[in-house]
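Structural description and commentary
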Amino acid sequence: MRIMQSSYSPRYILGRIALYGAAILLALWTLAPLYLVALAAFSTRQATFQWPKPLLPTDFSTDTMQFFMNTRGVLDSVGNSVIVALVTIAGSLLLGAPGGYALARFRFRGKEAISLGLLISKMFPTAILAIPLAVVFLQIDLYDTIWGVALVHIAMALPFVIIVTAGIFVGVPRDLEEAAQTLGCNRVQAFVRVVMPLALPGLVAAAIFTFVISWNEVFAATILTLRNRTLPAQVLTALNDSPLYYRYAGGFFMIVPALIFIFLIRKYLLNLWGNISR
Amino acid sequence: MRSKLESLLPYSLLAPTLLFVTLLIVIPIFQAFLLAFQSADGSFTLAHFQKMAADTSFGDALKFTFLLLIFIVPLQVVLALMMALLIHTRFKGHTFFLYIYAIPLAISDLAAGIAWLAIFTERGYLNSILNQLGILEKPFLFLSYQNLPAMFGTIVIAESWRATAIVMTILLAGLQLIPRDYFEAADVFGANTLKRTLFVVLPLLRPSLQNALIIRTIFAFQTFSVVFALAGRVIPVMAGESYNWYVTNRNPGVAAAYAVLILIFTVAATWFYFKFLKTSAAEAGYD
Amino acid sequence: MAGIHFQTVRKIFGKTTVIKDVSLDIHDGEFMVLLGPSGCGKTTLLRCLAGLERVDGGRVLIGERDVTDLAPRDRKIAMVFQSYAVFPHLTVFDNIAFGLKMQNLPSEEIKRRTHQGAELLQLTDYLKRYPAQLSGGQRQRVAVARAIVMQAAVLLMDEPLSNLDALLRLQMRAELKRLHAEIKATTIYVTHDQIEALSLGDRIAVMQDGKIVQCDVPMNIYDYPANKFIGGFIGTPPMNFLQGAVNGDGSVSVGASNIAPASSLQAAFAARNGQPILLGIRPENLTLASAQQANTISAHVLVVEPLGSHKLLTMQVGAEMIKVSVAPDQSIASNQDVWLHFDPEKIRWMDAASGEAIR
């Protein structure tokens, strides 16, 4: 394709048309549900029952979104979700980044076992963590608190964070750190002055990745809370007895941060989702 | 002495993590087994499992969980492979399309379920489009307990839509590990695109494919809120039943029994893929 | 200023001992080259001196100071890395000034010394640039400047030229030599390139398999290699080796001819009557002779390579091949049979079993 093909032969042009045609078709498949749920979320509440529905935003309205935001418990749950996500980021990075650094930089006895353990621990189903923890949290007054949810989210994110940060630190050549040490830094200074600045973009991406994990998590958040819901827990438990427009607004509201974050970490997509899966 | 401290450094860096993992992963898993296998007086019992199996939804939950797995995973792999191969040709504008294809990565299954609910519901967008195209007079009931296959189909579509992005990134990352020489070598030998894909790319991509299959299969056993959003409890699945037994029936024992069952399937599936795809751990990148 | 002393230094990686009780004394201000093939332990020895590896036995002294248990920063050394290890997130100025800033020097002095270092390595025009905007050669200069401005008594260089292309390497080699003459810091230079070693070193320590097998001034290493390995490692092409046997009269028969060892060695040869022995001689120390005479061997010319400054001949002597270097105007053709004259003073005799030179 790239090589030795005369640029404008009919075959080449046909090939290009097919290529872009397929690319656009797949893009439409990806974007259509997002567009439609946004359309539904920004219509009036009555429009939910309109038939047939217009496919263009002819009656744009914030009515549905306002209704959703003013519904009891929603704003609180958004606040809870944000706090849980932030605590999860802080906790999993503070715990996991040093571990990732250790795996990236040192050879030590038991390293293989620890790496294997991490791989295994990210396979565990959420249910097998959330249900026993709900029982324990009841006994130690962590049930129905956002801290309990955050703890489980940290546990879920930690194996990923270690693997991701290890990858980031491997990308910072060891020589640089050693050079800093010969130039008068101790280990900590070398880390702060050389490794950190170089690893920072990757660490930010890892933080955002962690945010997404926590922001989206439904099962544990629902099992572990009763009144102090996170947003997904709030929406899930209201599914059966809420009007359609409430669900559309809730769905859209959960999607927006995701869209923003995907855009922010677009350069790291493959490194994060592609490589953590090994 | 400096050297002694030095050799302890990696352990001390990992210690907080190991402690945390022990407290919040290892111990809970033991407790899950205790919950599942212990009666109220602390003795060993299979009562929770018997109760689970006796429930009317149990058979359906198993059936639908596996049906979803069988339909969704291949669909995702095919779609994701198309996306990844397209992006990998590096046509002009490919990064733009990559971001678009990747968007569902950050969308929860709950939100995905709701987005497709807007499409498949009675007065939803699909029926509207079909009506405007003159195909349908009255709305078709996709989400009705009287039409289980259609309802099941909507779940397959919604979940495939969401998780294809994950498979795509795994495959694309795998494609990028294949040296470009291989592609060019195939060009030189006159392989056309289809042959090249079948005989050069796919075999080299096998470790990534295996990874994607393992990951998606594992998570397919946990499928839950996308089903709730589209089908409520009409289509039961295992994770959903675990949730119901805990939240609605307030029975942690049976909920834990489901969790243990999910774990067993997870382990079995992983073993199955390793056994029958026969890629060594090192090849798959598990090193 | 400071000399350096390795005292029976040992380093173990897992189950392999990579440095085997090495002792080496380096004088103050000396340019010492550690030379050896890859895997011989030369870089590890340097890293032990830098404090980047901890030793498993022995002591390391800089000046009179025992630095064995000190961190790199406390050893008063500066180092140039093979990969340059220039910080990509800092400008050239900040890279060069990095070590000075760590010492909390007044900013005026940092500025002055950084500019001085930049000038010394012709980097003044690039101070505001980032490493990504520099060529490989320029990055290398930044690494050297960054080490030099530290004004450390000891300067360590780990294959600093190996990532440069051939022409640039030639330039930088001369420049490093000029720099050393100027700053006079005790310098340890690790390389696997014997030409670099010969050109730069005040002395060369040749390492093999975790040990120093010879440490001497370059010309002695070249002319009097301590063993077969060194003779074969140094020189392009390397030293030729021929099998021989010691006769009762102290001469050595090589093929059909007899070669008389230098008179200073007669005593040593008397004791080796009848034993096999190895004759080592450099290609340029062989001359063509028109007829058989004392210390000549019959040889057959296989290949003639005119290389400009000289002609390189590949010859067959008995069953063995040797290389001979002759003047460019020497008239010679392949398939010719000639007599080769061996200068007894230039022959390095070695024990056939151990490869050790006979002195």
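The structure displayed is predicted, hence computed values, not measured ones.

The rules behind each value
- Residues numbered from 1 in each chain as written.
- Chains lettered and ligands numbered in written order.
- Predicted model: local features only at pLDDT ≥ 70, side-chain atom pairs only at ≥ 80, totals over all residues.
- Heavy atoms only, no water.
- Helix = DSSP H or I, 4+ residues; strand = E, 2+ residues; numbered from the N terminus.
- Rg over C-alpha atoms; globule rule 2.2 N^0.38 Å.
- Buried < 20%, exposed > 50% of the residue type's maximum accessible area, 1.4 Å probe, protein only.
- Contact = heavy atoms within 4.5 Å.
- Areas by Shrake-Rupley, 256 points an atom, 1.4 Å probe, with all protein chains shown as cover.
- Pairing = 2+ DSSP bridges.
- Disulfide = S-S within 2.5 Å.
- Buried area = accessible area lost by both parts, 1.4 Å probe.
- Nonpolar A, V, L, I, M, F, W, Y, C, P; charged D, E, K, R; others polar.
- Salt bridge = Lys/Arg side-chain N within 4 Å of Asp/Glu carboxyl O.
- Polar contact = N/O pair within 3.5 Å; in protein donor to acceptor, adjacent residues only side chain to side chain.
- Axes fitted to C-alpha atoms, helices over the stretch in contact; angles between N-to-C directions.
- Domains from an automatic or database assignment.

Helices and strands together make up the secondary structure of chain A, namely 12 helices and zero strands. In terms of overall size, chain A is more extended than a compact globule, its C-alpha atoms giving a radius of gyration of 24 Å where 278 residues would be expected to give roughly 19 Å. For the C-alpha atoms alone, the extent of chain A along its principal axes is close to 75 × 70 × 35 Å. Classification of the 278 residues of chain A by burial places 57% in the buried group. Here the contacts in chain A between residues at least 6 apart in sequence split such that 70% fall between residues at least 24 apart. As presented, chain A carries roughly 11700 Å² of accessible surface, and 67% of it is formed by carbon and sulfur atoms.

Here the focus is the pairing of strand 2 (residues 16–26) of chain C. Residues and elements named next belong to chain C. One ladder, built from seven bridges, connects strand 1 (residues 4–13) with strand 2; its direction is antiparallel. Residue pairing across strands places valine 9 opposite valine 22, the latter belonging to strand 2. As consecutive antiparallel partners, strand 1 and strand 2 are separated by two residues, and within that stretch glycine 14 has a phi angle of approximately 60°, a positive value.

Counted according to the given criterion, the structure contains zero disulfides over all chains. For Cys48(C), which is in no disulfide, the shortest distance to another cysteine sulfur is to Cys40(C) and amounts to 13 Å.

For the rest of this paragraph, the subject is the interface of chain C and chain A. Between chain C and chain A, the residue contacts involve 19 residues of the former and 17 residues of the latter. Both faces considered, chain C and chain A share a buried interface measuring about 1700 Å² in area, 69% of it formed by carbon and sulfur atoms. The three residues of chain C that bury the most area against chain A are Arg73(C), His89(C) and Met102(C), which together make up 34% of that side's buried surface. Listing elements by their share of the side of chain C that touches chain A, those giving two or more residues are strand 6 (77–80) and helix 2 (92–102) of chain C. Element by element, the count of residues in the side of chain C that touches chain A is highest for helix 2 of chain C, at three residues. In terms of residue class, the side of chain C that touches chain A is built from 13 nonpolar, three polar and three charged.

At the interface, 92 residues of chain A touch 94 residues of chain B. For the pair chain A and chain B, the summed buried surface comes to about 8700 Å²; carbon and sulfur atoms form 78% of the total. Counting the contacts that link chain A with chain B gives zero salt bridges. For the interface between chain A and chain B, the tally reads 13 residue pairs in polar contact (both at pLDDT 80 or more). The greatest single-element share of the side of chain A that touches chain B, amounting to 17 residues, is contributed by helix 1 (residues 10–41) of chain A. A per-class count over the side of chain A that touches chain B returns 70 nonpolar, 14 polar and eight charged.

Here we take up the sheet that holds strand 12 (residues 252–254) of chain C. All names here are of chain C. One open sheet holds the five strands; their spatial order is 13-12-11-14-20, and the pairing between them is antiparallel. In this open sheet, the two edge strands, each paired with only one partner strand, are strand 13 (257–259) and strand 20 (348–351). Averaged over all pairs of adjacent strands, the angle between their axes in this sheet comes to 40°, without regard to strand direction. In the sheet, strand 11 (residues 240–246) pairs with strand 12 via two bridges, with the strands oriented antiparallel. The residue bridging valine 246 from the neighbouring strand is valine 252, located in strand 12.

Looking now at the domain arrangement of chain A. Residues and elements named next belong to chain A. One can read the domain layout of chain A as domain 1 (10–65) and domain 2 (73–275). The gap between the C-alpha centroids of domain 1 and domain 2 is 32 Å. Contact residues are listed per partner, giving 11 residues for domain 1 and eight residues for domain 2. The largest per-residue losses of area from domain 1 upon contact with domain 2 belong to Val37, Thr48 and Met65, which jointly make up 40% of the total buried on that side. In this structure, the connection of domain 1 to domain 2 is made through zero salt bridges. Examining the composition of the side of domain 1 that touches domain 2, we find that five residues originate from one element, helix 1, more than from any other. Here the residues of the side of domain 1 that touches domain 2 are counted per class, giving eight nonpolar, two polar and one charged.

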